[in-house]
Amino acid sequence: MLKDLPFMPDQASTVSSDVDMLYIFLVGMTVFFVGLIFLMVGIFAIRYRRRSSDEIPRPNLGSLRLELVWSVIPLLISIGIFIWSASIFFEIQRVPANAMQVYGVGKQWMWKFQHPEGNREINELHVPAGRPVKITLTSEDVIHSFYVPAFRIKQDALPGRYTTAWFQATKPGTYHLFCAEYCGTQHSGMRGSVVVMEPAQYEAWLTGDASGGSMAGRGEKLFNQLGCVTCHLPDGSGRCPSLVNVYGKSVKLISGEDVVANDEYIRESILRPNAKIVDAYQPIMPTYQGQVSEEGILQVIAYIKSISPQGTQDSGVPGGTTTPGQTQPGGPGGTNQSTPGGTTGAGSRQSGPGGASGGTNRSGQ
Ligand code: CUA
């Protein structure tokens, strides 16, 4: 019924119909009350009109019962709307633990996507149907917003921060992707499509572009190219701390504080190395601001994850990699933030110590 309405986008995700029901209810209720109010205005204007020029109206003493009725009924309706929409909000915010991971970077004026397996695309995102997909977003420049009307999701991509959204597409097809935040002169041209494929087709598509290796593999290459490898020796004998088994772990800082080595922390350490100095080390690392793109940083993070087989299991980083609004209220505090490099990164995992036993089953735990 809903999809026959004009202007209604396809319902192509598991939350689409829930969002639509709420929306239709709000519109219907608004129409009802607008109609009711206009009707009453009309009736009262006729019924209580002034009948002669010297008529004096009777004093109005008010009615407690009437006032209670028009206060309590709207109150109950509002509470109902609140509970209803809050439950949908939680559904949209809570990423299922078995979600597969993709990464998106907004940039004036395009969307760049990466899959942990190594596939990269611009203004197109391929995903399988029937599987929850978690997308981690950031921006190379200004605020953009990742908006897929058919999935009923919209999430800002912020410079200097990681935000997440998730969806589970229900049927194969090609759906519009928009930028929903004014981001400059070509904002309206910043659009693309999300291509939902049958799972088998998707697997074939993934392996179709195996050039360049996995995300973690690219990250390892960057790690070498940028010279990180010369100080961050794997056995800890270098001038900078070893990064093996660091991901998801607690790190002691020179200030006495403990921080969890999550995506945000690694990103910050690459761009602003002096912000948090690891205990017993010198602040000698230069900044890599301007030398590595946001996509590159995501690849380096994927690499560091891939050499932390245990860390990806227990990286219970409550809200660590997300914005405050993104934390999963009462939910499984971020245990699902650990997939990239974990799900795949087959090539690179071999280079990491303990990779052999790390096993593929650690994803999504
Ligand atoms: Cu990017 Cu609007």
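The text that follows walks through the structure, step by step, so that each part is easy to find. On a predicted model such as this, the values are computed, not experimentally measured, just so you know.

Rules and cut-offs
Residues numbered from 1 in each chain as written. Predicted model: local features only at pLDDT ≥ 70, side-chain atom pairs only at ≥ 80, totals over all residues. Heavy atoms only, no water. Buried < 20%, exposed > 50% of the residue type's maximum accessible area, 1.4 Å probe, protein only. Helix = DSSP H or I, 4+ residues; strand = E, 2+ residues; numbered from the N terminus. Contact = heavy atoms within 4.5 Å. Polar contact = N/O pair within 3.5 Å; in protein donor to acceptor, adjacent residues only side chain to side chain. Pairing = 2+ DSSP bridges. Axes fitted to C-alpha atoms, helices over the stretch in contact; angles between N-to-C directions. Parallel < 35°, antiparallel > 145°, perpendicular 65-115°, else oblique. Nonpolar A, V, L, I, M, F, W, Y, C, P; charged D, E, K, R; others polar. Left-handed = near helix turned anticlockwise from the far one by under 90°. Core = buried A, V, L, I, M, F, W, Y, C linked by side-chain atoms within 4.5 Å. Salt bridge = Lys/Arg side-chain N within 4 Å of Asp/Glu carboxyl O.

## Some words on helix α6 (residues 263-271)
And step 1. Summarising burial for α6: nine of the nine residues are buried, a large majority.
And step 2. Within α6 the residues assigned to the buried category are D263, E264, Y265, I266, R267, E268, S269, I270 and L271.
And step 3. Those residues of α6 hidden inside the fold are in contact with β11 (250-252), β12 (258-260) and α7 (294-306).
And step 4. Looking at where α6 begins, the residue whose side-chain oxygen comes 3.2 Å from the main-chain nitrogen of E264 is N262.

## Examining the sheet that holds strand β1 (residues 100-107)
And step 1. With mixed pairing, the five strands of this open sheet are ordered in space as β3-β2-β1-β5-β8. Across the chains shown, the open sheet's two edge strands, defined by having one partner strand only, are β3 (120-122) and β8 (163-168). Within the sheet, the average angular offset between the axes of one strand and its neighbour, ignoring direction, is 25°.
And step 2. The pairing of strand β5 (residues 132-139) with β8 spans six bridges and is antiparallel.

## A closer look at the environment of G213
And step 1. Position of G213 relative to the elements: it lies in the loop between α3 (199-208) and α4 (215-225).
And step 2. We classify G213 as partly exposed; its relative accessible area is 29%.
And step 3. Sequence spacing of G213 and E117 is 96 residues, and the spatial spacing of their C-alpha atoms is 7.2 Å.
And step 4. Every residue in contact with G213, bar those within four places of it in the chain, is listed here: E117, G118 and R218.

## Some words on the packing of α4 against α7
And step 1. Between α4 and α7, the least distance of the axes is 7 Å, while the angle of their chain directions is 100°. When the interaxial angle is binned, α4 and α7 end up roughly perpendicular. The segment α4 lies against α7, with M215, A216, R218, G219, E220, L222 and F223 engaging G296, L298, Q299, V300, A302, Y303 and S306.
And step 2. Class assignment for the residues of the contact of α4 with α7 results in eight nonpolar, four polar and two charged.

## Structural notes on the packing of helix α1 (residues 16-47) against helix α2 (residues 64-93)
And step 1. Where α1 meets α2, the closest approach of the two axes is 10 Å, and the angle between their N-to-C directions is 160°. Taken together, the axis directions place α1 and α2 in an arrangement best described as roughly antiparallel. The hand of the α1/α2 crossing is left-handed. Where α1 abuts α2, its residues D18, V19, M21, L22, F25, L26, M29 and F33 lie against I77, I81, W84, S85, I88, E91 and I92.

## Here's the deal with the sheet that holds strand β9 (residues 173-179)
And step 1. Spatial strand order, β4-β10-β9-β6-β7: five strands in an open sheet with mixed pairing. The open sheet has two edge strands, β4 (124-128) and β7 (153-157), and neither has a second partner. Strand-to-strand, the axes of this sheet are offset by a mean angle of 25°, without reference to chain direction.
And step 2. The sheet contact formed by β4 and strand β10 (residues 191-197) spans five bridges and is parallel. Within the sheet, the bridge partner assigned to H126 lies in β10 and is V195.
And step 3. Contacts from α3 reach β4 and β10, with the element oriented near 130° to β4.

## Re the nonpolar core
And step 1. With 32 residues, the main nonpolar core has V251, Y265, I266, I270, V292, I297 and I304 as its most contacted residues.
And step 2. If you list the elements that add at least two residues to this core, you get β1, α4, α6 and α7.
And step 3. Those residues in contact with I304 that sit more than four places away from it in its chain are L243, Y247 and I266.
And step 4. If you look at the next biggest cluster of nonpolar residues, it comprises 31 residues, including A12, M100, A157 and V195.

## Concerning the pattern of salt bridges
And step 1. For the coordinates displayed, the defined rule picks out seven salt bridges.
And step 2. Between K171 and D10 there is a salt bridge; the shortest N-O distance is 3.8 Å. Linking K171 in the loop between β8 and β9 with D10 in the segment before α1, this pair joins segments that are 161 residues apart in sequence.
And step 3. Among the residues examined, K171 registers a relative accessible area of 31% and is labelled partly exposed.
And step 4. One salt-bridge network, in which partners are shared between bridges, spans E268, R272 and K276.

## Things to note about the pairing of strand β2 (residues 110-114)
And step 1. Within β2, four of the five residues are buried, which leaves the element mostly enclosed by the surrounding structure.
And step 2. Here β1 runs beside β2; their pairing, made up of five bridges, is antiparallel. Pairing of G104 across the sheet is with F113, part of β2.
And step 3. Between the end of β1 and the start of β2, which pair antiparallel, lie two residues.
And step 4. For β2 and β3, the ladder comprises three bridges, and the chain directions are antiparallel. In the strand pairing of β3, F113 is matched with E121.

Remember that the coordinates give geometry; whether it matters functionally is a separate question.
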